[in-house]
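# Architecture and fold: a report
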Amino acid sequence: MNVAVLGYGTVGSGVVEVLTKNQDSIDVKAGKEIRIKYILDLRDFPEDPHKDKIIHDFSIISKDTSIGIVVETMGGVHPAYEFVKECLEKGKSVCTSNKELVAKHGAELLSIAKEKKVNFLFEASVGGGIPIIRPLNQSLTADKILEISGILNGTTNYILTKMTQEGLDFHTVLKDAQEKGYAERNPEADIEGYDACRKIAILTSLAYGKQVDYEDIYTEGITGITDLDIKYAKELDASIKIFGMSKITDTGIIAMVAPFLINKAHPLFMVNDVFNGIFVKGNMLGEAMFYGRGAGKLPTASAVVADVVDAAKHEGTTIMTIWSKEKLELAKIDSAKFHRFVRVKDGFHIAGTFGNVQVLKSQAEKERAFLTRPMTEADYQKIASTNDGILSMIRLDFK
């Protein structure tokens, strides 16, 4: 089984490394020899041990009928979408780590793969090396998924962990994360929650079998989290995490990305630093946790290669994935109901505005903080829009 790799960056070079170093065991598990024939990249790699496989023209891969599996690790939607679509239409299976591509075109590409009796696999698009796509697609099919909550971005988890453990402010820790290579020079996709949003869109689409557009998911990042919020969290014996969440509620399926205060009883409480964790609740299974490195060269490459082995084992057949093009209508975020942690200016009429609350010990002068009763997003926003004394709010997910 000949393989072509599109993109020789961090993950692509990791895929080549895994396939080369673990060649013997991979061949045994796949039931056939798996060999890299081409590596597509715009650059030359004159010192690379695989330099003889480097090409610059995608059409060479597209036209070569001996290529059975294509690995896409280019990132971004274009030209990855056009390349992947063409490969599938020509009867080549595709394995990808590209969350943007999967979130935007997953349903369409799966449909083409089914029509052509090949596979479109994307385990590494969510959670890096953590197996979550395959369990949702195969192991948990007997369950009705009630909730998925995930720490889906290692950069933001590292920042919040560092702020908690060392009492540092957001901007200081962000700079540290950039120096360590955990955050990009432009960290917007991570800190504003966009990366986690695409991942929860994929998980929600798989959990409920219909297309979820990430543009429809309410998304809130961590730029507003302060060292004062961390102090209050510690008083509550809690921590602040940013979740990608989807759950079935009385009003329908709600999907969102936002910071949450969670207590020690929550399965995700101890997921720290650059690690990811995904909590799944099914109506039969109950609660399950998936934990590991959510990014990085070799963990992500390992997940991609697992898909390569799966595609090789299922040559000529399509692994069933229920994800239709029909759009899943999400419930409006207005109906989402949570307890909330709120900070207000000193003198704010708390009881008259929020009713019965649990007042917390103040961590700063000229402000007060409290926990509200469960209230909908609409009810909270109505209060917030008419009161300029509110300083900040974080939702609670206490177990």
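Our subject is the structure listed above.
Residues numbered from 1 in each chain as written. Predicted model: local features only at pLDDT ≥ 70, side-chain atom pairs only at ≥ 80, totals over all residues. Heavy atoms only, no water.

## Observations concerning the overall build of the protein chain
Check the secondary structure of the protein chain and you find 14 helices and 20 strands. Computed over its C-alpha atoms, the radius of gyration of the protein chain comes to 23 Å, within 12% of the 21 Å expected for a compact globule of 399 residues. Viewed in the frame of its principal axes, the protein chain has a C-alpha envelope of about 75 × 45 × 30 Å. The buried share of the protein chain, reckoned over its 399 residues, is 55%. Residue pairs at least 24 apart in sequence account for 72% of intrachain contacts in the protein chain once pairs closer than 6 positions are excluded. The protein chain carries 49 positive and 54 negative side-chain charges, and their two centres are separated by 2 Å. (Helix = DSSP H or I, 4+ residues; strand = E, 2+ residues; numbered from the N terminus. Rg over C-alpha atoms; globule rule 2.2 N^0.38 Å. Buried < 20%, exposed > 50% of the residue type's maximum accessible area, 1.4 Å probe, protein only. Contact = heavy atoms within 4.5 Å. Lys, Arg positive; Asp, Glu negative; His and termini not counted. Charge placed at Lys NZ, Arg CZ, Asp CG, Glu CD.)

## Re helix H14 (residues 377-385)
Every buried residue of H14 is listed here: Glu-377, Tyr-380 and Ile-383. Projection of H14 onto a plane perpendicular to its axis shows the buried side chains occupying an angular sector of 130°, all on one side. Along H14, the residues that are exposed and aim more than 90 degrees away from the buried face are Lys-382 and Ser-385. Looking at the buried residues of H14, the elements they touch are strand E16 (340-345), helix H13 (350-354), strand E19 (375-376) and strand E20 (390-396). (Arc of directions from axis to C-beta.)

## Things to note about the packing of helix H7 (residues 154-166) against helix H8 (residues 170-179)
Where H7 contacts H8, the two axes come as close as 9 Å, and the packing angle between them is 125°. Looking at the two axes, H7 sits oblique to H8. Crossing hand, H7 versus H8: right-handed. Of H8, the residues touching H7 (which contributes Tyr-158, Ile-159, Lys-162 and Met-163) are Phe-170, Val-173, Leu-174, Asp-176 and Ala-177. (Axes fitted to C-alpha atoms, helices over the stretch in contact; angles between N-to-C directions. Parallel < 35°, antiparallel > 145°, perpendicular 65-115°, else oblique. Left-handed = near helix turned anticlockwise from the far one by under 90°.)

## Overview of the sheet that holds strand E5 (residues 93-96)
Reading across the sheet, the 6 strands line up as E3-E2-E1-E4-E5-E6 and stay open at both edges, with parallel pairing between neighbours. Each edge of the open sheet carries a strand with a single partner, namely strand E3 (54-55) and strand E6 (120-121). Examined bridge by bridge, strand E1 (residues 2-6) and strand E4 (residues 67-72) share 5 bridges and lie parallel to one another. Its bridge partner lying in E4, Asn-2 is registered against Ile-67. (Pairing = 2+ DSSP bridges.)

## Examining the nonpolar core
Phe-120 and Leu-203 are the most contacted members of the largest nonpolar core, which has 85 residues in total. Ignoring anything within four residues of it in the chain, the contact list for Leu-203 reads Val-126, Ile-132, Ile-133, Leu-136, Ile-148, Leu-152 and Ile-278. (Core = buried A, V, L, I, M, F, W, Y, C linked by side-chain atoms within 4.5 Å.)

## Comments concerning the pairing of strand E13 (residues 286-293)
Where strand E12 (residues 275-282) lies against E13, 8 bridges are found, and the strand directions are antiparallel. Across the sheet, the residue bridging to Val-280 is Ala-288, located in E13. The hairpin formed by E12 and E13 contains 3 residues between the paired strands.

## Quick look at the environment of Leu-360
In this structure, Leu-360 sits in strand E17 (residues 358-360). Leu-360 gets classed as buried once you look at its relative accessible area, which sits at 8%. Sequence-wise, Leu-360 and Arg-343 are 17 residues apart; in three dimensions their C-alpha atoms are separated by 9.6 Å. When near neighbours in sequence (up to four residues on either side) are disregarded, Leu-360 contacts Tyr-232, Glu-235, Leu-236, Phe-341, Ala-369, Phe-370 and Leu-371.

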